[in-house]
Amino acid sequence: MKKFLVGIVVVFALIIIALVVVVSMVDLNKYKPQIEEAVKDNSGYEMKINGDIATSFSPIGISISKVEIRNPQIMSNQKFFDMDKLSVAVELKPLMKKEIKVKYIVLNNLNLDIKKLKNGKFNFDLLKKKTKGKKAKKAKKGEKEEKGEKAKLPMVNVKEIRIKNANINFQDLKTKSSAKVEKINIAVNNIKFDPSKKILQAISFDADTKIAKILYDRYKLQDITVALKMKDAIATLNNMKLSAYGSSATAKGKLNLNKKIPILDLEADVPKLNLENY
């Protein structure tokens, strides 16, 4: 999954860099093969851009349509990630000062298809390549240089991230169990990143989430809304509302991600539980 996230970050980085080219009125569609190759080189995943790369001037931004990602090592004939459109807009003045201030990132109709194979691996897992002798030393040297480069990276300011109409499908091919999360809509604001902290502790944000339906075997939750606040690797859940088996419920709680095993502390209030259709 880490490699997959790296791949997505690479896509975003390439898009932001390409915004500088927009001013020169270059048709970015002819660079699709180079973008796809860069993603594969940096993440190991195969990305295909089936739609157009379009630019805009108000706000200054770029969008990529019909993107899909496959794992060339496992189930290579099936995509595990696709989305209709990715849009990014940035502020112009900070770019002139070699600063990146992203106004928004929008992901439309994102679909994530996760499969757990009978051998315990997931369809997004990448096999680690063993390196020996000089190659291993070069790899270690590259890792050290990479760490040094990370420390020099400027802070990227993202004002808003919106995920519209996303769907997640999970299948365990060994147990034959499955789960679905349908029509996810998330608006993330007040995003901050402190590079001096570890990755989870470094990220803070506020998010409003709406989920139409969660299905797991015979269990079903509907009409879920929650206000989430992330800070110091602790997610605080406020004003959570949902419907289960015709009964309405409210909840609040905290999810602590500082431990190896996340700790969830949840308080729920179900005034009238209806189990007639269970």
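Everything numeric in this text was worked out from a predicted model, so none of it was measured. (Residues numbered from 1 in each chain as written. Predicted model: local features only at pLDDT ≥ 70, side-chain atom pairs only at ≥ 80, totals over all residues. Heavy atoms only, no water.)

So, on to the overall build of the chain. For the chain, the helix and strand inventory stands at 5 helices and 13 strands. Burial status across the chain gives 31% buried among its 278 residues. Of the roughly 18,600 Å² of accessible surface on the chain, 56% is carried by carbon and sulfur atoms. (Helix = DSSP H or I, 4+ residues; strand = E, 2+ residues; numbered from the N terminus. Buried < 20%, exposed > 50% of the residue type's maximum accessible area, 1.4 Å probe, protein only. Areas by Shrake-Rupley, 256 points an atom, 1.4 Å probe, with all protein chains shown as cover.)

In this section: the pattern of salt bridges. Applying the stated criterion across every chain, the model contains 8 salt bridges. Here lysine 79 and aspartate 82 are joined by a salt bridge, their closest N and O atoms 3.9 Å apart. Classification of lysine 79 by relative accessible area gives partly exposed; the value is 36%. (Salt bridge = Lys/Arg side-chain N within 4 Å of Asp/Glu carboxyl O.)

This next bit is on the pairing of strand S4 (residues 79-90). Among the 12 residues in S4, 9 count as buried, and that is most of the element. In the sheet, strand S3 (residues 60-70) pairs with S4 via 9 bridges, with the strands oriented antiparallel. When the sheet's bridge partners are listed, glycine 61 is paired in S4 with alanine 89. In the sheet, S4 pairs with strand S5 (residues 101-116) via 9 bridges, with the strands oriented antiparallel. Counted as the bridge partner of lysine 85 is asparagine 108 from S5. (Pairing = 2+ DSSP bridges.)

With that settled, the discussion passes to helix H2 (residues 32-43). Taking 1.5 Å of rise per residue, the 12 residues of H2 would be expected to cover 16 Å, and the 16 Å separating its terminal C-alpha atoms lies within 8% of that figure. Residues Lys32, Ile35, Glu36, Ala38, Val39 and Ser43 constitute the buried set of H2. Along the long axis of H2, the arc covered by the buried residues comes to 160°, so they all point the same way. Along H2, exposed side chains directed more than 90 degrees from the buried face belong to Glu37 and Asp41. (Expected span 1.5 Å × (residues − 1). Arc of directions from axis to C-beta.)

With that settled, consider the side chain of serine 204. Of note, serine 204 is situated in strand S9 (residues 203-216). If near-sequence neighbours (up to four positions away) are discounted, serine 204 is found in contact with Asn190, Ile191, Lys192, Met230 and Lys231. (Contact = heavy atoms within 4.5 Å.)

In this section: unusual backbone geometry. A positive phi angle, close to 55°, is found at lysine 66, a residue other than glycine. Mapping lysine 66 onto the fold places it in strand S3. Lysine 66 sits in the partly exposed class, given a relative accessible area of 44%. A positive phi angle, near 50°, is found at asparagine 239, a position not held by glycine. Relative to the assigned elements, asparagine 239 resides in strand S11 (residues 234-244). By relative accessible area, asparagine 239 is classed as exposed at 61%.

Let us now look at the pairing of strand S13 (residues 263-269). Burial within S13 is sparse, with just 0 of its 7 residues counted as buried. Sheet topology note: the strand S12 (residues 247-256)/S13 ladder contains 7 bridges and is antiparallel. Bridge assignment links glycine 253 to a residue of S13, and that residue is leucine 266. Two successive antiparallel strands, S12 and S13, enclose a turn made up of 6 residues.

Everything listed here is a matter of coordinates, which is why it stays silent on function.
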